[in-house]
Amino acid sequence: MSLDQQIDAVAANLKGKTATETECLHVTRRCMAAGRPFDALLLLDMAVIRLPRSAALRTELVSVLQSLETSGSLDTLIDRLPPRGDPVRQWRSDLTQKFGAHHGPDGARPASAHFFQSVLLKNLCQLIPQEQPLWQVLLRICEHHGRRAAEEAFGVPVAAPTAHADRTVSLAIGPKTARFGITSNSIGFELLYFYAFEPGIIRWIAGFDAQDVLLDIGANVGKYALLAAVVQGCRTYAVEPFTPNVEALKQNIAHNGAGDRVSAHRWAISDRTGEGRLSYEKSTAGAAAQNFDEPSTETGKAEIIPGYRLDDLLESRQIEFPHHIKIDVDGTEHRIIGGMEKTLSDPRLKSIRLEIRLADPRNQTALARIRARGFDCAVDDDEKNWLCLRR
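Rules of the game
- Throughout this description, residue numbers start from 1 for each chain and increase along the sequence as written.
- Local features in a predicted model are, by the rule used here, given only for residues with pLDDT of at least 70; side-chain atom pairs are given and counted only at 80 or more, and totals for whole chains, interfaces and linings are based on all residues.
- Excluding hydrogens and water, the side-chain values take into account all heavy atoms of the structure.
- Segments assigned H or I by DSSP are reported as helices when at least four residues long, segments assigned E as strands when at least two residues long, and all are numbered from the N terminus.
- C-alpha atoms define the radius of gyration in this analysis, and the globule rule sets the expected value at 2.2 Å times the number of residues to the power 0.38.
- Relative accessibility thresholds used throughout: buried, under 20% of the residue-type maximum; exposed, over 50%; partly exposed, between the two (1.4 Å probe, protein chains only).
- Here, strands pair whenever DSSP counts at least two bridges between them.
- In this analysis an axis means a line fitted to C-alpha atoms, helices contributing only their contacting stretch, and an angle means the value between N-to-C directions, from 0 to 180 degrees.
- When checking whether two residues touch, look at their non-hydrogen atoms; a contact exists if any pair is within 4.5 Å.
- Salt bridge criterion: a side-chain nitrogen from Lys or Arg within 4 Å of a carboxyl oxygen from Asp or Glu.

> Outline the overall build of the protein, listing residues and values.
When you go through the protein residue by residue, the secondary structure sums to 16 helices and 14 strands. In terms of C-alpha radius of gyration, the protein reaches 22 Å, essentially the compact-globule figure of 21 Å for 391 residues. Principal-axis analysis of the C-alpha atoms places the extent of the protein at approximately 70 × 45 × 45 Å. Among the 391 residues that make up the protein, the fraction classed as buried is 55%.

The following block contains the structure:
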């Protein structure tokens, strides 16, 4: 059987969930020996997702990635592919120039080569259809660079995410391990490619001290709230309005035995204090894009929850004053910022990491308000993610 036939056979077996660890390893090693690293990475990426508890496949994938990195060929795979109909090479060139202004050697906030490559590939993957093999391989290389960037930021070895029989995924960073439940397919996917999606947040958290307090507004199921608490030892307040996410968040706190460092709060943060209507579309844990006091979704699904201006919440002393704030709420950032004037002016607040889309003039005003309170704000790992640091 030719190598191409073996590749097709293993790929079919992986899709049919009949592939074995042994055949996957055999064919990927043949691919590497034949000078076909793209095919090797594609098969290994499929294999570790469909056989997630195989330590041998995870080890082989890391070994292949590190071998390609050492040889200098990891980031030139695109150049060695046959010409394609879409302008992938031009996209990469444009993104290199765009993000080089932020994170290149002469950029506003210079970063390591691994961080820069993870940012570049994350944004390139957003332009490529997910059903294409190129997307799959580039996302895996992105995860590799993101994990290496995490090692640099934390100063300790960072293992590849590991799936377990109890439907959890562990993230080992040095001697510390955070563990998360797979409450949906999307959450499982995000956990297994954890270091590909938000390299900026991971680098930001690596700079926290154990004495710091993090307020995570829009905590979802708590991936980053728990990373800060488990790995850095921070006191963390995880605020999440959507009930399925709050339940998953509480389960993740329990998975990590972190109840003394992380507390979950079913609140919305906004520009007014009082109960309000949280509208949503999807009802599964991990879902985003809920709206508090905003126009209803087409489905009309909603729940009534308490809302707070952040200034009022802190004045009530229900939570400690935060040194760092993460805001990821998919559309109401301007309202949150409008309700935290006193908080922004307090010098104890060191940084804000927020997702904000500046096509909305209200968000432009909100970002200007943060800057006026003494923060330098710059693009982080994509154009909607900003990091604001106290001057």
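> How would you explain the sheet that holds strand E4 (residues 213-217) if you had to name every residue and give the values?
Ordered in space as E6-E5-E4-E11-E12-E14-E13, the seven strands form an open sheet in which the pairing is mixed. The two strands at the open ends of the sheet, each matched to only one other strand, are strand E6 (262-265) and strand E13 (375-382). Strand-to-strand twist in this sheet, taken as the mean axis angle between neighbours without regard to direction, amounts to 15°. Bridging between strand E5 (residues 235-239) and E6 involves four bridges; their strand directions are parallel. Counted as the bridge partner of Thr-236 is Val-262 from E6. Across the sheet, helix H16 (residues 361-372) lies against strand E12 (351-355), E13 and strand E14 (385-390), angled at about 130° from E13, the strand it touches most.

> Break down unusual backbone geometry for me, with residues and values.
Residues other than glycine seldom take positive phi values, yet Lys-17 does so here, at roughly 65°. Locating Lys-17 in the fold gives a position in the loop between helix H1 (3-15) and helix H2 (21-33). A positive phi is found at Asn-220, a non-glycine position, where the angle reads about 55°. Looking at the element boundaries, Asn-220 is found in the loop between E4 and helix H11 (223-232).

> Give a description of the pattern of salt bridges that names residues and reports values.
For side chains of opposite charge, pairing can occur when their charged atoms come near one another. The tally for this structure, following the rule as stated, stands at 34 salt bridges. Two residues, Lys-122 and Glu-198, come together in a salt bridge whose shortest N-O distance is 3.8 Å. Of this pair, Lys-122 sits in helix H6 (residues 113-125) while Glu-198 is found in the loop between helix H9 (194-197) and helix H10 (199-206), placing the two residues 76 residues apart along the sequence. For the pair Lys-122 and Glu-198, a shared accessibility class is recorded, and that class is buried. In this structure, Arg-357 and Glu-355 form a salt bridge, with 2.9 Å as the shortest nitrogen-oxygen distance. Residue class for Arg-357 comes out partly exposed when judged on its relative accessible area of 41%.

> Got a sec to walk through the sheet that holds strand E1 (residues 162-163)? Specific residues and values, please.
The three strands are arranged E1-E2-E3 in an open sheet whose pairing can be described as antiparallel. Both edges of this open sheet fall to E1 and strand E3 (176-181), since each of them pairs with a single strand only. Alignment of E1 against strand E2 (residues 168-173), held across two bridges, turns out to be antiparallel. Residue Thr-162 lies in a different strand from E2, and its bridge partner there is Ser-170. Here H11 sits on the sheet in contact with E2 and E3, set at roughly 155° to E3.

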